[in-house]
Amino acid sequence: AILAQALHKSAPVLARTQKAMSVQRLSTDSVDSILSMDPFPSTCLTFKDLAFTAKLPKGESKTVLEPCSGHFESGELVAIMGPSGCGKTTFLDMLAMKKTGTYSGQVCVNGHKRHPVLFPRIAAYVGQEDQMPAHWKVREALEFNSALKCPPGDAGISRKVTASLILNLLEVFGLTGVADTYIGGEKVRGISGGQRRRVTLARGVAAQAPLLFCDEPTSGLSSTDASLCVRALRGIAKKMNVLILVVIHQPRREIVELFDKLVLLTSSPGRMAYFGSMAGAPLYMESCGHPVPCNSNPADVYLDLLTPGTEEDDSDALVSAFAEKQKPGLDIVVDAALGAKGLTAKELLIAAHHMNLQGSNEEGSDSKFKVRPYAVSFGTQLGVLLSRRARVTMRSPASMGMQLGMPTGMGILWGLLFQGICRKEFGMPQLLFIFMMLIMLSLQSLPMMSLFIDERAIMKRETSERLYSTGAHILSSFVIAVPVSLLGAMIQTLIILGFAGLQVDYLPTVLGWTLLLFLLFDSLYSCVAAAAPDGNQAMIIATPFLILCILFSGLIITKATAPVYLLWIFAVSPMRYAMQAIMVELAGPAPTAEGQGVLQSLNYVAGEDMMGVAVIACMIIILRVLQVVFMKFLNNLQK
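I will try to describe carefully the structure that is included in this document. Every chain is numbered on its own, with residues counted from 1 as its sequence reads. Only residues with pLDDT of 70 or above have their local features reported here, since the model is predicted, and side-chain atom pairs are shown and tallied only from 80 upward, although totals for entire chains, interfaces and linings are computed over all residues. Side-chain measures were taken over the full set of non-hydrogen atoms in the model, leaving aside hydrogen atoms and water.

Looking at the packing of helix α16 (residues 428-442) against helix α22 (residues 574-587)
Comment: axis = line fitted to C-alpha atoms, over the contacting stretch for helices; angle = value between 0 and 180 degrees taken between N-to-C directions. Numbered from the N terminus, helices here are DSSP runs of H or I no shorter than four residues, and strands are runs of E no shorter than two. Where α16 meets α22, the axes come as close as 11 Å, and the angle between the chain directions of the two elements is 145 degrees. Our pair here, α16 against α22, has a crossing hand that is right-handed. Facing α16, whose interface residues are Gln430, Leu431, Ile434, Phe435, Leu438, Ile439 and Ser442, α22 presents Met575, Ala578, Met579, Ile582, Met583 and Leu586. Each residue is assigned to one class: nonpolar for Ala, Val, Leu, Ile, Met, Phe, Trp, Tyr, Cys and Pro, charged for Asp, Glu, Lys and Arg, and polar for all the others, Gly among them. Residue composition of the contact of α16 with α22, by class: eleven nonpolar, two polar and no charged. With the far helix as reference, a near helix turned anticlockwise by less than a right angle produces a left-handed crossing, and one turned clockwise produces a right-handed crossing. Residues are treated as being in contact if the distance between any of their heavy atoms lies within 4.5 Å.

Shown next as structure tokens:
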């Protein structure tokens, strides 16, 4: 009876153990199936005297990381650990060339300084934030990175092999069950937070780069899921000869044992306290007077010793021991690694291309291969971005509602309010009707600025990975968003004019000017969204331009009432040109006395249509050019 009771109590433990073993077998088998390709050429990373000092707002300086040196070999899985504030992420960002602040020291790949353009092509970075389109599916996210970092045609990998790669990545990271589920977001139901982390990690692996940097990829994951991910990373590191650096916070013991090398940092300020193999860390700590107790988690012991202010704190002594015991030998290794020149970033890309050609038995494409800042051509980038943009737009009720649904509803409402107004004799009512319609069209794209800013944040992270260029993003957005918005504006205008009873003869003029004005304000809001840090500031910046256009339309402020020094605004006021052209057309060649009086009071004259079209077209071009400039150089990621 006692034995039966003991077996009953241990059943859940045995079940969890069997599940963990099955997960381990699944991960190993899937990694083996993924990595049927040849391993990458040797890609070593060496850093010397790497340090960072932050500038505080009051002009003071704060040392975040003191000078440190080290060397990592290909195929290693490296854990970077330390207490909060020790500079782990700063250290990783400097190695990954993501740090935007000025730092000292040097980082070399195979003994060569990192190439500012080509290094992102041989490296992949998995950050802490998971910013992805909410209506994007998990499978599509992995296919996106694979298509832009390792294209089938350029890398010699067939579509079948690429599809197999995606399927196996989904299996390795436990995402098969949610492969066709939306990523989700604050307002869109999708996968869980832990699954989002695994998607981000899988996207980094899908890039198939010889260097992989991961900033706390297991945060928010259960112990089993974290173990699954780290086991997958270890298999990838060993079988593909990929150097993987992972910032990780207090992993459990089974995960600690999976890492090859350990870098320990302490805080206040950030200093290196250990650099060596993970297996040799307990013996080193014992030699420093801190043996790791049996059946304890070494990671917990290390962090207790290196966290200033705790009872077990001995960080200063460990830093001194590192400087005495490890640093002299490490400096020799670093100097030797810097002197041993291996393949450059360009040569690594060429070597990887040669191996893929041999693996796929393709011929004739080797001579056409050129090393560029991006893995694929601009046309391929545009095609992949257009595909994603079209899918996300069609799936998003908010996007389609703002661009098509809301204009249709507003068109019906305004049409009912002004029903039959154009059948009456031309005069002031028609003037107010056209004025209000143009204002409504000018405001139609205003709510889209918040969506543009959200997309910009995603674009900044993806372009930093050299997935695609800023120009490809803007063009794909223009090709999809502008026609849809223009269609909504056209539907709205036609509904309003239909209810108003506008004669067909006047339709080309009225519709043409309203759509031209819509394109101008759409360009304005896109330009502002590219420059503004957030949605609130975008509204603040766009409002004055909109008010000026309304005030100087000729209806509120006329040339007769405006100050002399502001008359030049009428020459560049798009709203005035649109109002003037439409009102002159509606008045006809022989307007009534009331109509003639309206035109004269507003100083509306015929013959300036071409000038107005030229002014608005120039404004659209200037705003679109500024949008490209702002998108490329403003609101960049700050690390």
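Next comes the rest of the write-up.
Focus on the pattern of salt bridges
Side chains that differ in charge, positive against negative, can pair when their charged atoms come close. Salt bridges are defined as contacts in which a side-chain nitrogen from Lys or Arg sits within 4 Å of a carboxyl oxygen from Asp or Glu. Here the structure, examined in full by the defined rule, presents 21 salt bridges. One salt bridge connects glutamate 465 with lysine 98, and the closest N-O pair in it is separated by 2.6 Å. Residue glutamate 465 is located in the loop between α17 (448-464) and α18 (470-500), and its partner lysine 98 is located in the loop between α2 (88-95) and β4 (104-109); the two are separated by 367 residues in the primary sequence. For lysine 98, a relative accessible area of 14% corresponds to the buried category. One continuous salt-bridge network, built from bridges that share partners, spans Glu140, Arg391 and Arg395. Relative accessible area decides the class of each residue, using a 1.4 Å probe on protein chains only: under 20% of the type maximum gives buried, over 50% gives exposed, and in between gives partly exposed.

Observations regarding the packing of aromatic side chains
Each pair of aromatic rings taken from Phe, Tyr and Trp, with Trp reduced to its six-membered ring, is defined by centres within 6.5 Å and is described as stacked if the planes are under 30 degrees apart, edge-to-face if over 60, and tilted in the remaining cases. Here the structure, examined in full by the defined rule, presents twelve aromatic pairs. Aromatic side chains phenylalanine 144 and tyrosine 468 sit 6.1 Å apart centroid to centroid with 80 degrees between the ring planes, which places their arrangement in the edge-to-face category. A residue pair is termed long-range when its members are at least 10 positions apart, and phenylalanine 144 in helix α3 (residues 138-149) and tyrosine 468 in the loop between α17 and α18 qualify at 324 residues. Assigned by exposure class, phenylalanine 144 and tyrosine 468 land together as buried. Seen from their ring centres, phenylalanine 552 and phenylalanine 570 are 5.3 Å apart, and the 70 degrees between their planes marks the pair as edge-to-face. A residue pair is termed long-range when its members are at least 10 positions apart, and phenylalanine 552 in the loop between α20 (535-551) and α21 (568-571) and phenylalanine 570 in helix α21 qualify at 18 residues. Residue placement shows arginine 114 over the ring face of phenylalanine 119; its charged tip is 5.7 Å from the ring centre. Geometrically, a charge over a ring is one whose NZ (Lys) or CZ (Arg) sits within 6 Å of the ring centre while staying within 35 degrees of the ring normal. Positioned above the aromatic ring of phenylalanine 144, the side-chain terminus of arginine 388 is 4.3 Å from the ring centre.

A few points about helix α24 (residues 609-633)
Under the convention used throughout, the expected extent of a helix is 1.5 Å for every residue step, that is, one less than its residue count. Compared with the 36 Å implied by 1.5 Å per residue over 25 residues, the 36 Å span of α24 between its first and last C-alpha is a close match. For α24, the full list of buried residues reads Gly612, Val615, Ile616, Ile620, Leu623, Arg624, Gln627 and Met631. Packed against the buried residues of α24 are α17, α18, α19 (507-531), α21 and α22. Looking one or two residues beyond α24, the residue adopting positive phi is asparagine 635, at roughly 55 degrees.

A short note on the pairing of strand β8 (residues 243-247)
Buried residues dominate β8, accounting for five of its five residues. Burial along β8 is two-sided: the face carrying Leu243, Leu245 and Val247 and the face carrying Ile244 and Val246 are both buried. Two strands make a pair as long as DSSP finds a minimum of two bridges between them. As paired strands, strand β7 (residues 211-215) and β8 are joined by five bridges and run parallel to one another. Its bridge partner being in β8, cysteine 214 is matched across the sheet by valine 246. Taking the sense of rotation as the criterion, the β-α-β connection linking β7, helix α7 (residues 223-240) and β8 turns out right-handed. If you view a crossover with the strands going away from you and the path from the first strand over the helix to the second runs clockwise, you call it right-handed.

Details of the environment of phenylalanine 91
Along the polypeptide, phenylalanine 91 turns up in helix α2. Overall, phenylalanine 91 belongs to the buried group, its relative accessible area being 0%. The spacing of phenylalanine 91 and phenylalanine 52 is 39 residues in sequence and 8.5 Å in space, taken between C-alpha atoms. When sequence neighbours within four positions are dropped, the list of residues in contact with phenylalanine 91 reads Phe47, Leu50, Leu65, Cys68, Ile80, Val263 and Leu265.

By themselves these figures say nothing about function.
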